[in-house]
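The chain contents come next:
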Amino acid sequence: TEGFDFKAAAEEGSMELPVPLPFVKAPWPATRKKKYKHKQLVALSREIREATDWPGPDWESQQASPSAYPPRKFSDFSLRPAKYTDPRSRLQYADGSEYKLIRLLNEDQVSQRLLYRGVVHKVK
């Protein structure tokens, strides 16, 4: 094996590589995907953006499409996840004790809480 030139034999085509048997599993995966870290992706996107005039989203701006899930609702009193909405005042609440508080509020207080959430609505 010392005098055998592997490169010359491979270039000539006289050396054939062994065909792997289908029932023998290789100890390593056939294709390895390179895993990038976030810093590497930022650096690569910066290089691509500087080399070309690519205006699309990149790993620095992190522009993503809108979520498929609806936005979460939070209580107007305790900021806990709101399960219910009062049909009269449109205030969101999490449990019965907060519902009792809603019934004690006057129209001005209800409209202030709705404005704080960004909703313009007249109380029925």
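The structure reproduced in this document is the subject of the present report. Because the structure is a prediction, the values reported are computed rather than measured.

### Brief notes about the pattern of salt bridges
Part 1 of the reasoning: The tally for this structure, following the rule as stated, stands at 4 salt bridges.
Part 2 of the reasoning: In this structure, Arg117 engages Asp76 in a salt bridge whose closest nitrogen and oxygen atoms are separated by 2.9 Å. Of the two residues, Arg117 is situated in helix H4 (residues 107-117) and Asp76 in the loop between helix H2 (38-51) and strand E1 (84-85); the sequence distance between them amounts to 41 residues.
Part 3 of the reasoning: We classify Asp76 as buried; its relative accessible area is 14%.
Part 4 of the reasoning: Arg80 is paired through a salt bridge with Glu98; the nearest N and O atoms lie 3.4 Å apart. Of this pair, Arg80 sits in the loop between H2 and E1 while Glu98 sits in helix H3 (residues 96-104); the two residues are 18 residues apart in sequence, bridging distant segments of the chain.
Part 5 of the reasoning: Overall, Arg80 belongs to the partly exposed group, its relative accessible area being 38%.
Part 6 of the reasoning: Looking at Glu98, the relative accessible area reads 5%, which means it is buried.
Part 7 of the reasoning: Salt bridges sharing common partners tie together Arg80, Asp95 and Glu98.

Basis of the calculations
- Residues numbered from 1 in each chain as written.
- Predicted model: local features only at pLDDT ≥ 70, side-chain atom pairs only at ≥ 80, totals over all residues.
- Heavy atoms only, no water.
- Salt bridge = Lys/Arg side-chain N within 4 Å of Asp/Glu carboxyl O.
- Helix = DSSP H or I, 4+ residues; strand = E, 2+ residues; numbered from the N terminus.
- Buried < 20%, exposed > 50% of the residue type's maximum accessible area, 1.4 Å probe, protein only.

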